[in-house]
Amino acid sequence: MRDLRALNQQTNQLELSIAALALPETLAEAERWFAETSSPQAVFLALRIAAAMQGLEAILPSAAPAPAAEASSAPPKARGHLDRVTPRRISGWISQPGLEQPLKVLLRINGDRVLRVLADQPRPDILERGLHATGNCGFKVQLPPDQALAPGDIVHAFADPDGPELRNSPARCIAPPVKRDRDTDH
(Lines give C-alpha, C1' and ligand atoms only; values in the text may rest on other atoms or scores of the structure.)
Protein backbone atom coordinates (compact mmCIF):
# COMPACT_ATOMS: atom_id res chain seq x y z
CA MET A 1 0.00 0.00 0.00
CA ARG A 2 2.85 2.38 0.84
CA ASP A 3 4.49 1.61 -2.53
CA LEU A 4 1.25 2.50 -4.30
CA ARG A 5 0.99 5.80 -2.40
CA ALA A 6 4.61 6.64 -3.23
CA LEU A 7 4.01 5.84 -6.91
CA ASN A 8 0.85 7.99 -6.88
CA GLN A 9 2.80 10.89 -5.37
CA GLN A 10 5.53 10.48 -7.99
CA THR A 11 2.92 10.35 -10.73
CA ASN A 12 1.31 13.54 -9.42
CA GLN A 13 4.72 15.23 -9.43
CA LEU A 14 5.27 14.13 -13.02
CA GLU A 15 1.83 15.42 -13.99
CA LEU A 16 2.65 18.84 -12.55
CA SER A 17 6.01 18.85 -14.31
CA ILE A 18 4.50 18.17 -17.72
CA ALA A 19 1.25 20.11 -17.24
CA ALA A 20 2.16 22.88 -19.64
CA LEU A 21 4.80 21.37 -21.90
CA ALA A 22 4.65 20.66 -25.61
CA LEU A 23 4.85 17.06 -26.81
CA PRO A 24 8.66 16.94 -27.30
CA GLU A 25 9.21 18.58 -23.90
CA THR A 26 6.73 16.15 -22.31
CA LEU A 27 8.60 13.18 -23.75
CA ALA A 28 11.92 14.46 -22.43
CA GLU A 29 10.47 15.13 -18.96
CA ALA A 30 8.78 11.71 -18.81
CA GLU A 31 11.98 9.96 -19.87
CA ARG A 32 13.97 11.84 -17.21
CA TRP A 33 11.40 11.11 -14.53
CA PHE A 34 11.06 7.41 -15.30
CA ALA A 35 14.84 7.02 -15.43
CA GLU A 36 14.84 8.03 -11.75
CA THR A 37 12.17 5.56 -10.56
CA SER A 38 12.91 2.04 -9.36
CA SER A 39 9.45 0.56 -10.01
CA PRO A 40 9.64 -2.07 -12.80
CA GLN A 41 5.93 -1.62 -13.53
CA ALA A 42 6.35 2.16 -13.89
CA VAL A 43 9.35 1.72 -16.21
CA PHE A 44 7.42 -0.78 -18.37
CA LEU A 45 4.43 1.54 -18.63
CA ALA A 46 6.69 4.53 -19.29
CA LEU A 47 8.35 2.77 -22.20
CA ARG A 48 4.97 1.91 -23.71
CA ILE A 49 3.70 5.47 -23.23
CA ALA A 50 6.89 7.02 -24.63
CA ALA A 51 6.77 4.76 -27.68
CA ALA A 52 3.11 5.62 -28.30
CA MET A 53 3.78 9.35 -27.88
CA GLN A 54 6.74 9.20 -30.26
CA GLY A 55 4.56 7.42 -32.80
CA LEU A 56 1.91 10.09 -32.37
CA GLU A 57 4.50 12.84 -32.75
CA ALA A 58 5.71 11.24 -35.99
CA ILE A 59 2.25 11.21 -37.61
CA LEU A 60 0.95 14.58 -36.39
CA PRO A 61 1.55 17.43 -38.81
CA SER A 62 4.22 19.72 -37.48
CA ALA A 63 3.27 23.35 -37.14
CA ALA A 64 4.95 25.68 -39.58
CA PRO A 65 7.08 28.28 -37.83
CA ALA A 66 5.44 31.69 -37.66
CA PRO A 67 7.06 34.56 -39.50
CA ALA A 68 9.40 36.56 -37.26
CA ALA A 69 7.13 39.62 -37.11
CA GLU A 70 4.10 37.56 -36.05
CA ALA A 71 6.06 35.47 -33.58
CA SER A 72 7.37 38.50 -31.71
CA SER A 73 3.99 40.26 -31.54
CA ALA A 74 1.98 37.33 -30.20
CA PRO A 75 2.36 36.92 -26.44
CA PRO A 76 2.97 33.39 -25.14
CA LYS A 77 -0.20 31.57 -24.17
CA ALA A 78 -1.23 30.99 -20.60
CA ARG A 79 -0.73 27.49 -19.26
CA GLY A 80 -1.86 25.75 -16.14
CA HIS A 81 -3.50 22.77 -14.51
CA LEU A 82 -6.83 22.04 -12.83
CA ASP A 83 -5.53 20.04 -9.88
CA ARG A 84 -8.52 19.03 -7.82
CA VAL A 85 -12.32 19.24 -7.82
CA THR A 86 -14.19 18.15 -4.70
CA PRO A 87 -17.66 19.16 -3.49
CA ARG A 88 -16.34 22.19 -1.58
CA ARG A 89 -12.99 22.95 -3.26
CA ILE A 90 -11.60 23.63 -6.74
CA SER A 91 -7.86 24.22 -7.09
CA GLY A 92 -5.06 24.51 -9.62
CA TRP A 93 -2.58 26.96 -11.09
CA ILE A 94 -2.09 29.16 -14.14
CA SER A 95 0.80 31.22 -15.48
CA GLN A 96 1.90 32.97 -18.62
CA PRO A 97 5.58 33.02 -19.58
CA GLY A 98 7.09 36.44 -19.03
CA LEU A 99 4.31 37.70 -16.74
CA GLU A 100 4.60 37.95 -12.97
CA GLN A 101 1.17 39.38 -12.23
CA PRO A 102 -1.63 36.96 -11.32
CA LEU A 103 -3.99 35.78 -14.03
CA LYS A 104 -7.70 35.13 -13.77
CA VAL A 105 -9.30 31.73 -14.19
CA LEU A 106 -12.80 31.15 -15.48
CA LEU A 107 -14.46 28.06 -14.01
CA ARG A 108 -17.54 26.70 -15.77
CA ILE A 109 -19.52 24.17 -13.74
CA ASN A 110 -21.81 21.77 -15.61
CA GLY A 111 -21.76 24.14 -18.58
CA ASP A 112 -23.86 26.87 -16.97
CA ARG A 113 -22.56 28.09 -13.61
CA VAL A 114 -19.56 30.43 -13.96
CA LEU A 115 -17.01 31.49 -11.36
CA ARG A 116 -14.02 33.76 -11.86
CA VAL A 117 -11.05 33.62 -9.53
CA LEU A 118 -7.70 35.38 -9.30
CA ALA A 119 -4.76 32.96 -9.30
CA ASP A 120 -2.50 34.64 -6.74
CA GLN A 121 -1.92 31.89 -4.17
CA PRO A 122 1.65 30.66 -3.49
CA ARG A 123 2.64 27.50 -5.35
CA PRO A 124 6.24 26.65 -4.38
CA ASP A 125 6.11 23.51 -6.56
CA ILE A 126 5.44 25.61 -9.66
CA LEU A 127 8.16 28.10 -8.71
CA GLU A 128 10.68 25.24 -8.26
CA ARG A 129 9.86 23.92 -11.73
CA GLY A 130 10.45 27.36 -13.23
CA LEU A 131 6.90 27.61 -14.55
CA HIS A 132 6.24 30.99 -12.87
CA ALA A 133 8.61 33.78 -11.81
CA THR A 134 7.20 34.26 -8.28
CA GLY A 135 5.19 31.09 -7.72
CA ASN A 136 2.11 33.17 -6.83
CA CYS A 137 -0.05 31.57 -9.49
CA GLY A 138 -2.29 29.12 -7.64
CA PHE A 139 -6.03 29.33 -7.27
CA LYS A 140 -8.29 27.77 -4.68
CA VAL A 141 -12.04 28.20 -4.54
CA GLN A 142 -13.70 27.21 -1.28
CA LEU A 143 -17.41 26.78 -1.95
CA PRO A 144 -19.97 27.43 0.80
CA PRO A 145 -22.07 24.42 1.84
CA ASP A 146 -25.17 25.68 -0.01
CA GLN A 147 -23.17 25.90 -3.28
CA ALA A 148 -21.24 22.62 -2.91
CA LEU A 149 -20.75 20.48 -5.98
CA ALA A 150 -22.19 17.00 -6.24
CA PRO A 151 -19.95 14.04 -7.06
CA GLY A 152 -19.94 13.77 -10.84
CA ASP A 153 -20.38 17.49 -11.52
CA ILE A 154 -18.04 18.62 -14.31
CA VAL A 155 -15.75 21.64 -14.03
CA HIS A 156 -13.95 23.28 -16.96
CA ALA A 157 -11.12 25.75 -16.23
CA PHE A 158 -9.94 28.39 -18.71
CA ALA A 159 -7.54 31.31 -18.72
CA ASP A 160 -9.86 34.32 -18.44
CA PRO A 161 -10.84 35.96 -20.75
CA ASP A 162 -11.00 33.74 -23.82
CA GLY A 163 -7.79 31.85 -23.01
CA PRO A 164 -6.93 28.21 -23.44
CA GLU A 165 -8.43 25.47 -21.32
CA LEU A 166 -6.12 24.29 -18.53
CA ARG A 167 -4.68 20.79 -18.52
CA ASN A 168 -6.74 18.18 -16.68
CA SER A 169 -9.85 20.16 -17.61
CA PRO A 170 -12.61 19.20 -17.65
CA ALA A 171 -12.48 17.40 -14.32
CA ARG A 172 -15.23 15.50 -12.59
CA CYS A 173 -16.02 16.30 -8.95
CA ILE A 174 -14.90 13.52 -6.66
CA ALA A 175 -16.11 12.94 -3.14
CA PRO A 176 -13.33 13.33 -0.59
CA PRO A 177 -12.38 10.19 1.34
CA VAL A 178 -14.59 9.55 4.33
CA LYS A 179 -12.71 9.95 7.59
CA ARG A 180 -13.51 7.21 10.04
CA ASP A 181 -13.97 8.05 13.67
CA ARG A 182 -11.78 5.72 15.74
CA ASP A 183 -14.31 5.72 18.58
CA THR A 184 -17.02 4.22 16.36
CA ASP A 185 -14.74 1.52 14.89
CA HIS A 186 -14.83 -0.60 18.05
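Located above this text is the structure these notes cover.
Here the structure is a predicted model, which is why all the values come from computation and not from measurement.

Visitor: Pulling in residues and values, what's your account of unusual backbone geometry?
Guide: In the segment running from aspartate 160 into proline 161, the intervening peptide bond is cis, with an omega of 0°. Relative to the helices and strands, proline 161 is located in the loop between strand E7 (154-160) and strand E8 (171-172). One non-glycine residue with positive phi stands out, namely asparagine 110, at about 55°. The residue asparagine 110 is located in the loop between strand E3 (103-109) and strand E4 (113-119) in this model. A positive phi angle is found at aspartate 162, which is not glycine, with a value near 55°.

Visitor: Explain the sheet that holds E8 to me, and be specific about the residues and the numbers.
Guide: If you trace the 4 strands from one edge of the open sheet to the other, you get E4-E3-E7-E8, paired in antiparallel fashion. The sheet terminates laterally at E4 and E8, the two strands that pair on one side only. The pairing of E7 with E8 spans 2 bridges and is classified as antiparallel. Bridging across to E8, valine 155 finds its partner in alanine 171.

Visitor: So what's going on with the pairing of E4? Residues and values would help.
Guide: As paired elements, E3 and E4 share 7 bridges and run antiparallel to each other. Opposite leucine 107, over in E4, you have leucine 115 as the bridge partner. Adjacent in sequence and paired antiparallel, E3 and E4 are bridged by 3 residues, among which asparagine 110 carries a positive phi angle near 55°.

Visitor: Now, about the nonpolar core: what can you tell me, with residues and values included?
Guide: Within the largest apolar cluster, 21 residues are counted, with the highest numbers of intra-cluster contacts made by Ile90, Val105, Leu107 and Phe139. For this core, the elements supplying multiple residues, two or more each, are strand E1 (79-86), strand E2 (89-95), E3, E4, strand E6 (136-142) and E7. By residue number, the principal contributor to this core is E3, which donates 4 residues. Residue contacts for leucine 107: discarding those within four places in its chain leaves Ile90, Arg113, Val114, Leu115, Val117, Phe139, Val141, Val155, His156 and Ala157.

Visitor: Tell me about the environment of valine 117, and name the residues and values.
Guide: Mapped onto the elements, valine 117 comes out in strand E4. Sequence separation between valine 117 and valine 105 is 12 residues; the distance between their C-alpha atoms is 5.3 Å. Non-local contacts of valine 117, meaning those with residues more than four positions away in its chain, are made with Leu103, Lys104, Val105, Leu107, Phe139 and Val141.

The rules behind each value
Residues numbered from 1 in each chain as written. Predicted model: local features only at pLDDT ≥ 70, side-chain atom pairs only at ≥ 80, totals over all residues. Heavy atoms only, no water. Helix = DSSP H or I, 4+ residues; strand = E, 2+ residues; numbered from the N terminus. Pairing = 2+ DSSP bridges. Core = buried A, V, L, I, M, F, W, Y, C linked by side-chain atoms within 4.5 Å. Buried < 20%, exposed > 50% of the residue type's maximum accessible area, 1.4 Å probe, protein only. Contact = heavy atoms within 4.5 Å.

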